[in-house]
Amino acid sequence: INAGYLSLDQSFKNIQIKAGLRAEQTRGDGSSSGTNTLIDRKYWKLFPTLFISLKLDSNNLVTAAYRKSINRPSYSSLNPFTFYTDPYTAIQGNPLLQPSYANSLEFNYSIKNFRVLTLSYSVSDGSIWEVVYQNNSTKESISRPENLNRTTNFYMATGSPFDVTKWWNNSTEVSVGYNRTTSAVQGNGYNAFSWNW
């Protein structure tokens, strides 16, 4: 992986802007004598970032940020060999895995360093998830990482540490999150979502 990064930082009266751009060149070569699989990947990608901070007055601060990021599969996820944990359960890598890419937005509002509200939203394409394949004749279950189409995350929170008195510090947070994954898995449509708080 070859990468170069450019960043700019500019402040005006009550506004601060930071912008960045990372360019990455990926070159990947791999081969497996056991599966006769050859991997040859060469590509360029750009990853921009933008951060804006607005000081409304001496107590109120609003920030917003955008970021594009990459999540590469680990070596063990790419290793095609099968590792058995017992006679019927195994883990197998996937040499055809691609990295996943995420676009994230975040908004924060704070009063006197107390976080009143945080909102974040991200969409990941090609998210890497473990998929279990069942072999009905051998009764084996093999877990293998796959790229799924799209994962969407939404998060909202309030609260942060603050001093009640000189000798008493409190840290309280209330948050809610929503996650949704949609993809084709083993030839079928997969659509799962969850809430957490």
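Please refer to the structure higher up on the page.
Definitions and cut-offs
- Residues numbered from 1 in each chain as written.
- Predicted model: local features only at pLDDT ≥ 70, side-chain atom pairs only at ≥ 80, totals over all residues.
- Heavy atoms only, no water.
- Helix = DSSP H or I, 4+ residues; strand = E, 2+ residues; numbered from the N terminus.
- Rg over C-alpha atoms; globule rule 2.2 N^0.38 Å.
- Buried < 20%, exposed > 50% of the residue type's maximum accessible area, 1.4 Å probe, protein only.
- Contact = heavy atoms within 4.5 Å.
- Areas by Shrake-Rupley, 256 points an atom, 1.4 Å probe, with all protein chains shown as cover.
- Polar contact = N/O pair within 3.5 Å; in protein donor to acceptor, adjacent residues only side chain to side chain.
- Patch = residues over 30% accessible without salt bridge, like charges linked within 9 Å, V, L, I, M, F, W, Y side chains within 5 Å.
- Salt bridge = Lys/Arg side-chain N within 4 Å of Asp/Glu carboxyl O.
- 1 Å grid on protein atoms, 1.4 Å probe; cavity = no way out; pocket = protein on both sides within 12 Å on 5 of 7 lines; lining within 4 Å.
- Points joined across faces, edges and corners; volume = space filled by probe spheres on them.
- Nonpolar A, V, L, I, M, F, W, Y, C, P; charged D, E, K, R; others polar.
- Phe/Tyr/Trp six-rings, centres within 6.5 Å; stacked < 30°, edge-to-face > 60°.
- Lys NZ or Arg CZ within 6 Å of the ring centre and 35° of its normal.

Could you give an account of the overall build of the protein chain, with specific residues and numbers?
Check the secondary structure of the protein chain and you find one helix and 13 strands. Going from the N terminus to the C terminus, the protein chain shows its helices and strands as β-β-β-β-α-β-β-β-β-β-β-β-β-β. Against the compact-globule benchmark of 16 Å for 197 residues, the protein chain has a radius of gyration of 22 Å, which places it well outside the compact range. By residue count, 29% of the 197 residues in the protein chain fall in the buried class. Looking at the protein chain alone, contacts between residues at least 24 apart form 46% of all its contacts between residues at least 6 apart. Total accessible area on the protein chain stands at roughly 13300 Å², and carbon and sulfur atoms take up 57% of it.

I'd like a description of the side chain of Ser143, backed by residues and values.
Mapped onto the elements of the fold, Ser143 is located in strand S9 (residues 140–158). For Ser143, a relative accessible area of 17% corresponds to the buried category. Within polar-contact distance, the side chain of Ser143 engages the side chain of Glu130 at 2.8 Å. Residues within four places of Ser143 in sequence aside, it is in contact with Ala90, Ile91, Gln92, Glu130, Val131 and Val132.

I'd like a description of a nonpolar patch on the surface, backed by residues and values.
A contiguous nonpolar surface patch, about 320 Å² in accessible area, is contributed by Phe12, Ile15, Leu50 and Ile52. Take Leu50: it is sitting in strand S3 (residues 37–55).

A description of the layout of surface pockets should follow, citing residues and the corresponding values.
Taken as a whole, the largest pocket encloses approximately 500 Å³ of empty space. Elements with a contribution of two residues or more to the lining of the largest pocket: strand S2 (15–32), S3 and helix H1 (75–78). Tallying contributions element by element places S2 first for the lining of the largest pocket, with seven residues. Within the lining of the largest pocket, the residues separate by chemical class into 11 nonpolar, nine polar and four charged.

Give me the lowdown on the pattern of salt bridges, citing residues and values where you can.
If you walk through the whole model with that rule in mind, you get seven salt bridges. With a closest N to O distance of 2.5 Å, Asp40 and Lys42 form a salt bridge. Given a relative accessible area of 56%, Asp40 falls into the exposed group. Several salt bridges share partner residues, and in doing so they unite Arg22, Glu24 and Arg72 into one network.

Describe the environment of Lys18, with residues and values.
Topologically, Lys18 is positioned in strand S2. Note on Lys18: relative accessible area 37%, which makes it partly exposed. The spacing of Lys18 and Ser137 is 119 residues in sequence and 58 Å in space, taken between C-alpha atoms. If we skip the residues at most four places from it in the chain, Lys18 touches Leu8, Asp9, Thr49, Leu50 and Phe51.

Describe the side chain of Ser124, naming the residues involved and giving the relevant values.
As for its position among the elements, Ser124 is in strand S8 (residues 114–135). The exposure class of Ser124 is buried, given its relative accessible area of 13%. Other than its neighbours up to four places away in sequence, Ser124 contacts Tyr101, Ala102, Asn149, Arg150 and Thr151.

So what's going on with the packing of aromatic side chains? Which residues, and what values?
Per the counting criterion, the structure on display carries five aromatic pairs. Here the aromatic rings of Phe47 and Tyr101 are separated by 6.2 Å at their centres, their planes lie at 20 degrees, and the arrangement is stacked. With a gap of 54 residues between them, Phe47 in strand S3 and Tyr101 in strand S7 (residues 100–111) connect regions that are remote in the sequence. Summarising the aromatic geometry, the rings of Trp167 and Trp168 are spaced 6.1 Å apart at their centres and angled 20 degrees between planes, so their arrangement reads as stacked. An aromatic cluster of at least three residues, connected via ring pairs, comprises Tyr178, Phe193 and Trp195. Over the aromatic face of Tyr101 sits the side chain of Lys45, whose NZ or CZ is 5.2 Å from the ring centroid.

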